[in-house]
Amino acid sequence: MEKCIKKIGIIGAMDSEISVLRSIMKENGSLKQTEAGNCTFNEGVINGVSAVVVKSGVGKVNAALCAQRLILQFGVDAVINTGIAGAMGGNLCIFDMAVSTDAVYHDMDAVEFGYKPTEIPQMKVSAFPADERLIKAAKSAFEKTNKSGERKIVAGRVATGDQFVAEKAVKNHIKEICSPVCVEMEGAAIAHTCYVNCIPYVILRCISDMADDTVKATYSFNEETAAEESSKAVIEMLAELSCGN
Ligand code: ADE
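Residues numbered from 1 in each chain as written. Predicted model: local features only at pLDDT ≥ 70, side-chain atom pairs only at ≥ 80, totals over all residues. Heavy atoms only, no water.

(A) Geometry of helix 4 (residues 168-178). Considered for burial, the residues of helix 4 that qualify are K171, I174 and C178. For helix 4, the arc enclosing every buried residue in end-on projection is 65°, short of the 170-degree limit, so these residues lie on one face. Residues of helix 4 that are exposed and point more than 90 degrees away from the buried face comprise A169 and E176. Here the buried face of helix 4 lies against strand 5 (78-87), strand 6 (97-105), strand 8 (153-160) and strand 9 (182-184). S179 sits one or two positions beyond helix 4 and adopts a positive phi of about 45°. (Buried < 20%, exposed > 50% of the residue type's maximum accessible area, 1.4 Å probe, protein only. Helix = DSSP H or I, 4+ residues; strand = E, 2+ residues; numbered from the N terminus. Arc of directions from axis to C-beta. Contact = heavy atoms within 4.5 Å.)

(B) Seen up close, the UniProt feature "domain: Nucleoside phosphorylase" (unreviewed entry) in the protein chain. Residues annotated by UniProt as "domain: Nucleoside phosphorylase" (unreviewed entry) correspond here to residues 7-238. Summarising residues 7-238: 37% helix, 29% strand, and an end-to-end C-alpha distance of 11 Å. (UniProt positions renumbered as here; feature names shortened; annotations may be inferred.)

(C) Representation of the pattern of salt bridges in the model. All told, the structure shown has 14 salt bridges when counted by the stated rule. Note that K32 is salt-bridged to E43, the shortest N-O span being 3.7 Å. With K32 in strand 2 (residues 32-36) and E43 in strand 3 (residues 39-46), this residue pair connects regions lying eleven residues apart in the sequence. We note a salt bridge from E186 to R205, for which the minimum N-O separation is 3.1 Å. Of this pair, E186 sits in the loop between strand 9 and helix 5 (187-196) while R205 sits in strand 10 (residues 201-209), and the two are 19 residues apart along the sequence. Judged by its relative accessible area of 1%, R205 falls in the buried class. (Salt bridge = Lys/Arg side-chain N within 4 Å of Asp/Glu carboxyl O.)

(D) Looking closely at the packing of helix 3 (residues 132-145) against helix 6 (residues 215-241). At their nearest, the axes of helix 3 and helix 6 sit 8 Å apart, and the two run at 120° to each other. In terms of axis orientation, helix 3 runs oblique to helix 6. At the point where helix 3 passes helix 6, the crossing takes the right-handed sense. Judged by residue contacts, R133, L134, A137, A138, S140, A141, F142, K144 and T145 of helix 3 engage K232, A233, E236, M237, E240 and L241 from helix 6. Residues that form the contact of helix 3 with helix 6 fall into these classes: eight nonpolar, two polar and five charged. (Axes fitted to C-alpha atoms, helices over the stretch in contact; angles between N-to-C directions. Parallel < 35°, antiparallel > 145°, perpendicular 65-115°, else oblique. Left-handed = near helix turned anticlockwise from the far one by under 90°. Nonpolar A, V, L, I, M, F, W, Y, C, P; charged D, E, K, R; others polar.)

(E) Structural detail: the site of the ligand. Taken together, the neighbourhood of the ligand is formed by I84, A85, G86, Q163, F164, V165, V183, E184, M185, S208, D209 and A211. Contacts to the ligand include V165, whose backbone N or O atom sits 2.8 Å from a nitrogen atom. Contacts to the ligand include D209, whose side-chain N or O atom sits 2.6 Å from a nitrogen atom. Burial of the ligand by the surrounding chains reaches 96%, relative to a free accessible area of 260 Å². Broken down by secondary-structure element, the contributors of at least two residues to the shell around the ligand are strand 5, strand 9 and strand 10. Ranked by residues supplied to the shell around the ligand, first place goes to strand 5 with three residues. Looking at the shell around the ligand residue by residue, the classes come out as seven nonpolar, three polar and two charged. (Near = heavy atom within 4 Å. Polar contact = N/O pair within 3.5 Å; in protein donor to acceptor, adjacent residues only side chain to side chain. Areas by Shrake-Rupley, 256 points an atom, 1.4 Å probe, with all protein chains shown as cover.)

(F) Examining the packing of aromatic side chains more closely. A full pass over the atoms with the stated rule returns four aromatic pairs. Centroid distance F128 to Y195: 5.4 Å. Interplanar angle 50°. Geometry classified as tilted. Placement of F128 in strand 7 (residues 128-129) and of Y195 in helix 5 is noted, with a sequence separation of 67 residues between them. Given a relative accessible area of 0%, F128 falls into the buried group. Its relative accessible area of 34% is what places Y195 among the partly exposed residues. Ring geometry for F164 versus Y219: centroids 5.1 Å apart, planes at 85°, classification edge-to-face. In this pair, F164 is assigned in the loop between strand 8 and helix 4 and Y219 in helix 6, connecting sequence segments 55 residues apart. According to the relative accessible area criterion, F164 is partly exposed, its value standing at 43%. Here a set of aromatic residues connected by ring pairs shows up, and it is made of Y105, F128 and Y195. (Phe/Tyr/Trp six-rings, centres within 6.5 Å; stacked < 30°, edge-to-face > 60°.)

Rendered as structure tokens:
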């Protein structure tokens with residue numbers, strides 16, 4: 001994706017994942033809201049880039065519906081998925097960042113018919129590749145927000161499913177079938193939608209939990225901070241991607 005991005009779609013599943021971005025548009029006076037398909041689409045400008053920020057709701061179908069509407073109704077030419085995730089690999093710790101190289105459905109299972117776990121029957125692609133320019137922008141944006149230098153960003157596969165992973169055994173199974181760096185509930189559905197529409201995408205997720213038996217004790221404590229850290233990196237990313245650069 002070499003050309004300048006004219007309008008970018010930004011999807012978070014929950015309020016905590018989009019509230020900082022929406023506030024920026026409200027404060028700079030650019031916010032215009034449109035209700036459609038059970039979502040509020042927030043159009044405006046962030047760091048010189050026209051953006052549409054939207055809360056999709058949780059899960060794959062909500063995410064795909066929202067991404068498709070962003071593309072067809074709002075005419076975005078790239079999509080960023082921002083939010084939180086459970087750590088899976090890459091030595092990721094709480095508040096580290098994961099950026100997608102590709103995304104798969106960990107709960108796609110047609111093994112009975114000879115397909116590999118995560119393989120989508122009758123589709124050429126089951127691991128949807130993220131856009132190189134967006135990955136690069138995410139990495140350099142993160143470094144600007146990581147002032148203490150204590151956190152890290154890891155590029156790798158994102159595993160998505162309609163399941164909140166909070167058990168070591170489930171975590172190990174997902175690691176075994178697809179070797180992801182993190183797990184969440186929307187990214188691959190957004191990636192899939194972008195792939196079908198030939199639109200570049202990237203997933204940027206801050207780690208809120210370890211996706212194992214420690215989740216109960218940590219998740220709610222970390223959710224808001226992790227969601228905000230991901231939003232902060234997205235804001236920097238937009239500066240990188242603005243047509244002036
Ligand atoms: N989002 C944040 N943490 C998660 C987890 N453990 N499983 C699925 N989605 C998540």
